[in-house]
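Now for the letters of each chain:
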Protein chains: 2
Amino acid sequence: MANTNSYCVIMGGGIGSRFWPISRKTLPKQFLDFFGTGRSLLQQTFDRFNKIIPAENIFVVTNDMYAGLVADQLPELSENQILLEPTRRNTAPCIAWASYHIKALNPNANIVVAPSDHLILREEEFLIAVENGFNFVADSGNMLTLGIKPNRPETGYGYIQIDGQIDDNLYKVKTFTEKPELEIAKLFLESGEFYWNSGIFIWNVNTILAAFEKLLPELVEKLQVGHHVYGTDKEKEFINHYFPEFPNISIDIGIIEKADNVYVALGDFGWADLGTWSSLYDLSEKDENQNVVLRCESLLYDCKENVITLPQDKLVVIQGLEGYLVAESDNVLLICKKEEEHAIRKFVNDTQLRLGGNYI
Amino acid sequence: MANTNSYCVIMGGGIGSRFWPISRKTLPKQFLDFFGTGRSLLQQTFDRFNKIIPAENIFVVTNDMYAGLVADQLPELSENQILLEPTRRNTAPCIAWASYHIKALNPNANIVVAPSDHLILREEEFLIAVENGFNFVADSGNMLTLGIKPNRPETGYGYIQIDGQIDDNLYKVKTFTEKPELEIAKLFLESGEFYWNSGIFIWNVNTILAAFEKLLPELVEKLQVGHHVYGTDKEKEFINHYFPEFPNISIDIGIIEKADNVYVALGDFGWADLGTWSSLYDLSEKDENQNVVLRCESLLYDCKENVITLPQDKLVVIQGLEGYLVAESDNVLLICKKEEEHAIRKFVNDTQLRLGGNYI
């Protein structure tokens, strides 16, 4: 059976501070059900991959403090499918460790790595792309990322410039550009050469480990110390001890942008990075005045283009607001202009400094 | 002892809908402690009068549904000092009934009648005025209202025009004017002849009952049916049966504006009718940007001239609001421009229609 070699690593350790106060340190956004579907973003991600990948081949890497949340939300996972980071590092150490772990279980694994907070509206097309991707990476020694046809000059995403075409929708990658200025993003859109980087990667375990050896040798050196522990009951102790020494670096900067064997499969999956309130606003159903109201009851008067979310049993009555975010969760209410949402990190920091962690 | 003839009637049956959602039908504003003093407005009113009037001579008239709240907040009152209206009428029936009740206990009572939702900052001057008032009304057959020197052209208050001077700060009343237009209010202020009507009245029980007989005979006729029950254990049954038939009319319109024996004692008591959010805003301590924050924790950025109140343990973070009211209580959050607060009644009605009484 083809898919016994197919593995999935879901990254679910972020704290989602850009979605504060709905996303809280003790309950970050990947564990929330923003749209009232009955399943959290993490659960939706698991459900999606589980259609083509056996549950026992799906791993979640998260922070120690979310162990209970992951286990509760995904009872399909056994304890050793939840990889717990003792401290917060970036995506490169997370993916490298998961790769070592999976290689110990299946030395020929093909792996799709995905964040836990993305929205995919056209699941069928997406899963076909992932399966085609597995076939492409299985024996080629190449790495693959999924690229999304952009529909607007979004400045919050990374872009991939395509190079030579290999096959239908399959291209060699020329360059990566992180969040561009608006003018640049507009040029990207016009050129037709640039695609959004979904942050979803597919590769064979040996390919990615070879890339780590070549491009992040200092990380591999530390991981190699534990070469005998992966997949054993000594792994957790080893990771708890050594993980804090791993470098804090992203997979994009550490590997993807430097490797010369990266390809991109282009698709239109109804994909969105649910990274900001504005993206949530864009993705949500709106009333006749372009207001988005999630979960709560509401009466709006002279209101336009707001995004409003309070707990389900609450009523919010608003008069005379335009372009604001109104979000309440537990003991925090946030009201700010949508266009100022970049300041939420500052609000969180100020809150931490002035009032402590009880509100974070 | 002089003050065994001194009685007080506190009117505490309003639902305070202009202060929704903080003031709720099940817990109206008079039962709330807006400023965190540790005593509700009703308790403050009781405490104030109790300095010059024995507790057993103080009566609270309220609606049946608030019987428990009054008893809880004022354990000093015995059951027969809480007069319970079975339905909502205006102030004339309330005061007429209380007058009959008190006359049965003391046929020579002097009574001060006061709302339960006013703020009096200079208590000593106020109590002196009340005591002087008792002396003035005891044998003169005159009625007295307390008038406040206005400091701004407030359009939310009633005004009293003074006529001939009788004594220091004591004048005959010429006219009453309900909430004037701003231009009129400005003229009133300039003229020096107009004073705010505090709605606090002082009279001998026989004087007010004579006025009711003359000016509201249809009400007196109904109240006289029960002349033998006042002060007895049959009073409640009688009131429950007949009160719904009493006319819905205010003491101002029914009596004060028509009587020819009304005088006004002028004073400066730091008085305010806590009738609207704007009045609460005006009365409250402000930060350097003229924001008023009551009870909750707050972080404000680019905010000016707002009034903000959430429960004590909550944090509100607001960016970019000017001149708004942000008020949350229990299951309702209200955000509206301060200048639009007159629409709160509409919000309440719409809420009742669309979502039912659970949010009122």
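Here, every reference points to the structure presented above.
To keep things clear, this report deals only with the structure shown in the data block. (Residues numbered from 1 in each chain as written. Chains lettered and ligands numbered in written order. Predicted model: local features only at pLDDT ≥ 70, side-chain atom pairs only at ≥ 80, totals over all residues. Heavy atoms only, no water.)

1. Digging into helix 8 (residues 235–242) of chain B
Residues and elements named next belong to chain B. Cut-off, in case you're wondering: Each residue is assigned to one of three classes by its accessible area relative to the maximum for its type, calculated with a 1.4 Å probe on protein chains only: buried under 20%, partly exposed between the two thresholds, exposed over 50%. Think of it this way: any DSSP run of H or I at least four residues long counts as a helix, any run of E at least two long counts as a strand, and we number them from the N terminus. Here, the arc refers to the directions that run from the helix axis to the C-beta atoms. Throughout, a residue-residue contact means that at least one pair of heavy atoms, one from each residue, lies within 4.5 Å.
Within helix 8, the full set of buried residues consists of E235, F238 and I239. The buried residues of helix 8 occupy one face: seen down the axis, they fall within an arc of 95°. More than 90 degrees from the buried face of helix 8, the exposed residues found are E237 and H241. Where helix 8 is buried, its residues touch strand 3 (82–85), helix 3 (91–105) and helix 7 (217–224).

2. Description of the relation of the copies chain A and chain B
To be explicit about the condition: We superpose the copies by least squares over the C-alpha atoms of residues that have a pLDDT of at least 70 in both of them.
Note on the copies: chain A fits chain B at an RMSD of 0.0 Å, the axial shift is 0.0 Å, and the rotation between them is 180°. With respect to symmetry, the two chain copies, as superposed, fit the operation of a two-fold axis. Interface residue correspondence from chain A to chain B reaches 100%, placing this contact among same-surface, isologous pairings.

3. Considerations on the side chain of S17 of chain B
Along the chain, S17 of chain B turns up in the loop between strand 1 (6–11) and helix 1 (41–50). Beyond its immediate chain neighbours, meaning those up to four positions away, S17 of chain B contacts I344, R345 and V348 of chain B.

4. A closer look at the interface of chain A and chain B
Size of an interface: often given as the accessible area lost when the parts come together. Our working definition: Accessible area that two parts lose when put together, with a 1.4 Å probe and added across both, is what the buried area reports. We count a salt bridge whenever a side-chain nitrogen from Lys or Arg sits within 4 Å of a carboxyl oxygen from Asp or Glu.
On the side of chain B, 34 residues touch chain A, which itself brings 34 residues to the contact. Carbon and sulfur atoms supply 59% of the area buried between chain A and chain B, which totals about 2,900 Å² over both sides. Across the chain A-chain B interface, the total number found is two salt bridges. Of the charged contacts, one joins E328 of chain A and K314 of chain B as a salt bridge, the two residues approaching to 3.1 Å between their closest N and O atoms.

5. Here we look at unusual backbone geometry
Between W20 of chain A and P21 of chain A the backbone carries a cis peptide bond, its omega angle lying at 5°. By the secondary structure assignment, P21 of chain A is in the loop between strand 1 (6–11) and helix 1 (41–50). With a phi close to 55°, E305 of chain B is a non-glycine residue in the positive phi region. Secondary-structure assignment places E305 of chain B in the loop between strand 13 (297–301) and strand 14 (307–309). Phi is positive for D330 of chain B, close to 50°, though the residue is something other than glycine.

6. Brief notes about the pairing of strand 9 (residues 194–204) of chain B
Residues and elements named next belong to chain B. Where we set the bar: We treat two strands as partners when DSSP finds at least two bridges between them.
Burial analysis of strand 9 places 11 of its 11 residues in the buried class, the great majority of the element. Where strand 7 (residues 159–167) and strand 9 come together, three bridges link them in antiparallel fashion. Across the sheet, residue I160 finds its bridge partner in strand 9, namely Y195.

7. Here we look at the packing of helix 3 (residues 91–105) of chain A against helix 7 (residues 217–224) of chain A
Residues and elements named next belong to chain A. This is how the line gets drawn: Angles run from 0 to 180 degrees between N-to-C directions of axes, and those axes are lines fitted to C-alpha atoms, restricted for helices to the stretch in contact. In this scheme, roughly parallel covers angles under 35 degrees and roughly antiparallel covers those over 145, while 65 to 115 is roughly perpendicular and the rest are oblique. Helix crossings get a hand from a simple test, with the near helix turned counterclockwise from the far one by less than a right angle marking a left-handed crossing and a clockwise turn marking a right-handed one.
As a packed pair, helix 3 and helix 7 sit with axes 11 Å apart at the nearest point and diverge in direction by 45°. Considering their axes alone, helix 3 and helix 7 lie oblique with respect to each other. For the element pair helix 3 and helix 7, the recorded crossing hand is right-handed. Here A92, P93, A96, W97 and Y100 of helix 3 lie close against helix 7, whose contacting residues are L219, V220, L223 and Q224.

Nothing here speaks to function; it is geometry throughout.
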